[in-house]
Amino acid sequence: MPSSVLVAYGTTNGSTAEIAEAVAKVLREDGLTVDVLPAESVASVASYEAVVVGGGVYAGRWQKDARRFLRRHRRALAGRPLWMFSSGPLDASASERDIPPVPGVKRAMVRLDAREHVTFGGCLEEGAKGFIARKIISSGKGGDFRDFTEIEAWAKRIAGELARA
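Attention here is on the structure that accompanies the text. (Residues numbered from 1 in each chain as written. Predicted model: local features only at pLDDT ≥ 70, side-chain atom pairs only at ≥ 80, totals over all residues. Heavy atoms only, no water.)

**Examining the overall build of the chain**
Note the following rule: Only runs of H or I of at least four residues qualify as helices and only runs of E of at least two qualify as strands under DSSP, and these elements are numbered from the N terminus. Radius of gyration means the value over C-alpha atoms here, while the globule rule gives 2.2 Å times the residue count to the 0.38 power. Burial classes: relative accessible area under 20% of the type maximum marks a residue as buried, over 50% as exposed, and values in between as partly exposed (1.4 Å probe, protein chains only). Only the protein chains shown count as covering a residue, and every accessible area follows the Shrake-Rupley method with a 1.4 Å probe.
Within the chain, the secondary structure is distributed over seven helices and eight strands. Here the chain has a C-alpha radius of gyration of 15 Å; the compact-globule value for 165 residues is 15 Å, and the two agree. In terms of its C-alpha atoms, the chain occupies a principal-axis envelope of roughly 50 × 30 × 25 Å. Of all 165 residues assigned to the chain, the portion counted as buried reaches 47%. A total accessible area of about 8,300 Å² is found for the chain, and carbon and sulfur atoms account for 52% of it.

**Focus: the pairing of strand β5 (residues 82–87)**
Residues in a regular strand project their side chains so that they alternate between the two faces of the sheet. The line we're drawing: One requirement defines pairing of two strands: DSSP has to find at least two bridges between them.
Within β5, six of the six residues are buried, which leaves it mostly tucked inside the rest of the structure. Pairing geometry for strand β3 (residues 50–58) and β5, over six bridges, is parallel. Directly across from V53, in β5, lies its bridge partner M84. In the sheet, β5 pairs with strand β6 (residues 116–120) via five bridges, with the strands oriented parallel.

**Quick notes on the side chain of H73**
Selection criterion: Between N or O atoms, a polar contact is any pair within 3.5 Å; within protein, one atom must be a potential hydrogen donor and the other a potential acceptor, and residues adjacent in sequence are included only when both atoms are from side chains. For this analysis, residues touch if any pair of their heavy atoms sits within 4.5 Å.
Structurally, H73 is set in the loop between α2 (64–72) and α3 (74–77). At 3.5 Å, the side chain of H73 forms a polar contact with the side chain of R72. Apart from the residues within four sequence positions on either side, H73 is in contact with V42, A43, S44 and V45.

**Side note on the environment of E40**
Tracing the chain through its elements places E40 in the loop between β2 (33–38) and β3. Assessed through its relative accessible area of 47%, E40 is described here as partly exposed. The spatial distance from the C-alpha of E40 to the C-alpha of D65 is 5.5 Å, given a sequence separation of 25 residues. Ignoring any residue separated from it by four or fewer positions in sequence, one finds E40 in contact with D65 and R72.

**Focus: the side chain of S86**
Among the structural elements, S86 can be located in strand β5. There is a polar contact of 3.0 Å between the side chain of S86 and the side chain of W62. Polar contacts involving the side chain of S86 include one to the side chain of H117, which spans 2.7 Å. Not counting residues within four places of it along the chain, the set of residues in contact with S86 comprises G55, V57, W62, H117, V118, T119 and F120.

**Quick word on the packing of aromatic side chains**
Applicable threshold: Stacked, tilted and edge-to-face pairs are distinguished by plane angle, under 30 degrees for stacked and over 60 for edge-to-face with tilted covering the rest, among Phe, Tyr and Trp rings (Trp via its six-membered ring) whose centres lie within 6.5 Å.
Summed over all chains, the structure comprises three aromatic pairs. Seen in terms of ring centroids, F85 and F120 are 6.0 Å apart; in terms of plane orientation they differ by 55°. Their pairing is tilted. Note that F85 is positioned in strand β5 and F120 in strand β6, a separation of 35 residues in sequence. Its relative accessible area of 0% is what places F85 among the buried residues. Here a set of aromatic residues connected by ring pairs shows up, and it is made of F85, F120 and W154.

**Here's the deal with unusual backbone geometry**
Of note, the phi angle at A59 is positive, near 50°, even though the residue is not glycine. With respect to the helices, strands and loops of the structure, A59 is situated in the loop between β3 and β4 (61–62). Even without glycine at this site, D113 takes up a positive phi of about 55°.

Encoded structure:
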């Protein structure tokens with residue numbers, strides 16, 4: 001059973017980081033050693049036996065630090081169990097149906113032989129950075145659409161797969 005897992009994330013306003021922390025908490029509860037790090041701060045994935053990486057989706061693209069993480073570590077990631085998640089929709093759609101990854105993430109999944117990708121609801125609340133984010137909030141379309149029960153269930157599936165490895 002792989003014992004060390006990296007959960008890396010790209011976030012702009014912090015909600016994807018909170019999803020990453022929730023995933024890590026479940027993995028730790030299942031006996032795994034887990035590091036949770038911002039994607040831009042990861043120097044190497046060599047010491048990890050498995051990796052989970054997530055990014056917020058903005059205007060149809062994964063957050064830039066998450067994209068750069070995949071490019072920078074592509075050779076090392078290709079040889080490890082890899083799971084990916086996106087956070088994004090500012091509505092209940094992610095809880096109602098499977099939302100496929102954005103095209104760039106789909107290409108990366110194929111290239112890196114990722115085991116799974118899931119899209120969780122996003123969160124955009126008062127104080128968010130960025131002109132567009134502030135416009136969305138001021139138009140009344142913000143809110144927190146993350147489903148932590150769903151996030152924890154996904155992390156539990158990952159822990160189960162790693163236990164069987």
